[in-house]
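Residue-level structure breakdown
Single-letter residue listing:
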Amino acid sequence: MFNILVTDDEQIVIDSLSFIINKNFGDEAKVFTALSGTEAIETVMKENIDIMFMDINMPGLSGLETVSVITKLKPNIVFVILSAFDRFQYAQEAINLGAYKYITKPVNRNVVIETIRGAMQLVQEKQGKLSADRELHKKLDMVSPMIENDFIYACIYNNDKSVDLSSYLDYFNLSENPWVFCCFEFPNINSDNQYSTYLKIHELLNNDHRCLVSSFMMNRIAVFFPIFSENPDYSEIQEQIKKFYTKLSYNITAGIRAGVSSIYSDKSHLQTSYSQALSALNKTAANGGIVFSDGSSLSEEEKLSGEEAKLETSVKKSGTAEFKNHIINKLSAGDSSGVKSFLELFTSELISQNLAIDKIKNSFFELIVTANNATRELNKAFTSTTFDNAFATLSSENDIKLIKEFAQKFLTECTQAVSSIKKAEENPIIKKICTYVDENLSQDISLETAADFAGVSSFYLSKLFKEEKGETFINFISDKRLEKSRQLLETTDLSIKEITADVGYNDQNYFSRIFKNKYGLSPKEYRKVKNESN
């Protein structure tokens, strides 16, 4: 089965191509459609598209711009470019972007069929090569850790120098790099969790730096840490190892002990460098830390106890990040009441974590900086003395209520700046529809009824709404209803059942479910949080 995406801003072209594909390829192909470049990108991100027909003249992103973006995201898609113009420069640019064919409109049925057959064959060829490549990488992924382990064991136990250690480094393309050896000792490691812990450590270390990692020797692992800078400085290496130590403390366990060798470049000293790292490890405090070969160690301030590591991790996973995202989304939509409500939830979440005041102030400052950047993306002329004074104000203020009020003042400025731009740019038909929706939320609103009200076709309204608002009409209605329900929960004593009906839903359970999906809390929980904060 081949997934084919047809992208064109003319529905008649989409219908024509879809008909040809369905009639001639039946069960061989599944057709997807898009009316704009943006919609095409969204489809590509959700579906496994194999072949794509792309119109060259599109609203918003042009066809060639869309192809350029998608090629970076999914380089194996086969592109067929459609155009009403038989112009050499368009065709040349399409071919330069890697397009398989360039077809002029109106499309010829036989040309389309021939093109699709050729594209299907090309997809199969690409998939065959990809399968072979994947199989090779899979084998290498299985073999490389074993070779890493053999190399490090040879460094440790190669007393008679019978093994040529440089051949291992040639295999990993590290023969020209200086290095340090590190030894890590992990508390609470046993045979049940050794392998899973080793895999996690290997992944964590190699995410940021190519390392060779041994399997566990009792509760210890050895790490060959190659250096890629031309003139390595030991203090820089120490900082990198400290970052590794912190990452392992966060993700594996607290209380890790570590020893690090000096920098070496002579391959005959591989065993010596390991022994030096092991000697440094043996000088490390029993409750954890790092000792380097020059005698320096991790300061007390840099150590992370198990409790601190857990606290930091829990803060990162808390709801503050989600509420912050909601604040920025509402700001970008020019929704001042939504911003205010989520700021209340953001503040309540911070307070509930019993954080030190400095951490709370840091969270507010990060929110303010993010909001400023988001506003300037939408309104290039935006400036604010409130933002200019934010750092100084937060540094000197320790009352959380006043800090929240300061953040609210700035966020209101941001929302107003965004709203002014949106109002100036909004299409009069969209304005009319938005007013209609606001006044009829409790009624059954469909795309067809809204289109009749505006005096346009439902197809045109759907297309226009997506281009102007960046979302579908149905999603817009849903957001409006949920937003109104949130306001009613805050400002009235209406029951959940009454609010459900007021915002146009017939099923209270369905309403509660989508409300929680949107805001992270059920309507009842949301009202309780708001009442407590007030």
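The paragraphs below set out a description of the structure included in this document. None of these values were measured; they are calculated from a predicted model.

Topic: the pairing of strand β6 (residues 179–185)
- The element β6 is extensively covered by neighbouring structure, given that seven of its seven residues are classed as buried.
- Side-chain alternation along β6 places Trp179, Phe181, Cys183 and Glu185 on one buried face and Val180, Cys182 and Phe184 on a second face that is also buried.
- As judged from the four bridges shared by β6 and strand β9 (residues 257–260), these two strands associate in the antiparallel manner. Each bridged residue has a counterpart across the sheet, and for Cys182 the counterpart in β9 is Val260.

A closer look at the sheet that holds strand β3 (residues 51–55)
- Read across the open sheet, the five strands follow the order β2-β1-β3-β4-β5; overall the sheet is parallel. In this open sheet, the two strands that pair with only one neighbour each are β2 (29–34) and β5 (101–104). Adjacent strand axes in the sheet meet at a mean angle of 20° when their direction is disregarded.
- Here strand β4 (residues 78–83) pairs with β5 via four bridges, running parallel.

Regarding the environment of Lys380
- Along the polypeptide, Lys380 turns up in the loop between α13 (357–378) and α14 (385–388).
- For the pair Lys380 and Ala417, spaced 37 residues apart in sequence, the C-alpha separation works out to 9.8 Å.
- Among the polar contacts listed, one links the side chain of Lys380 to the backbone oxygen of Glu377, at a separation of 3.4 Å.

Structural notes on the pattern of salt bridges
- Enumeration according to the criterion identifies eleven salt bridges in this entry.
- Glu483 is the salt-bridge partner of Lys330, the closest N and O atoms lying 3.5 Å from each other. Of the two residues, Lys330 is situated in helix α11 (residues 320–332) and Glu483 in helix α20 (residues 473–491); the sequence distance between them amounts to 153 residues.
- The class for Glu483 is buried, based on a relative accessible area of 8%.
- Where salt bridges share partners, they join Lys330, Asp335, Glu483, Arg486 and Glu490 into one cluster.

Brief notes about the nonpolar core
- Of all hydrophobic cores here, the largest spans 41 residues; its most connected members are Ile327, Leu343, Phe346, Phe364, Leu411 and Phe511.
- Broken down by element, the residue count for this core peaks at eight residues, all from helix α16 (residues 400–425).
- The next biggest cluster of nonpolar side chains, apart from the first, holds 27 residues, and it includes Ile189, Ile237, Phe244 and Val260.

Thoughts on the environment of Asp507
- Mapping Asp507 onto the fold places it in the loop between α21 (496–502) and α22 (508–519).
- The class of Asp507 is partly exposed, set by a relative accessible area of 38%.
- As for Asp507 and Lys497, which are separated by ten residues in sequence, their C-alpha atoms are 8.7 Å apart.

Cut-offs and rules
- Residues numbered from 1 in each chain as written.
- Predicted model: local features only at pLDDT ≥ 70, side-chain atom pairs only at ≥ 80, totals over all residues.
- Heavy atoms only, no water.
- Buried < 20%, exposed > 50% of the residue type's maximum accessible area, 1.4 Å probe, protein only.
- Helix = DSSP H or I, 4+ residues; strand = E, 2+ residues; numbered from the N terminus.
- Pairing = 2+ DSSP bridges.
- Axes fitted to C-alpha atoms, helices over the stretch in contact; angles between N-to-C directions.
- Polar contact = N/O pair within 3.5 Å; in protein donor to acceptor, adjacent residues only side chain to side chain.
- Salt bridge = Lys/Arg side-chain N within 4 Å of Asp/Glu carboxyl O.
- Core = buried A, V, L, I, M, F, W, Y, C linked by side-chain atoms within 4.5 Å.

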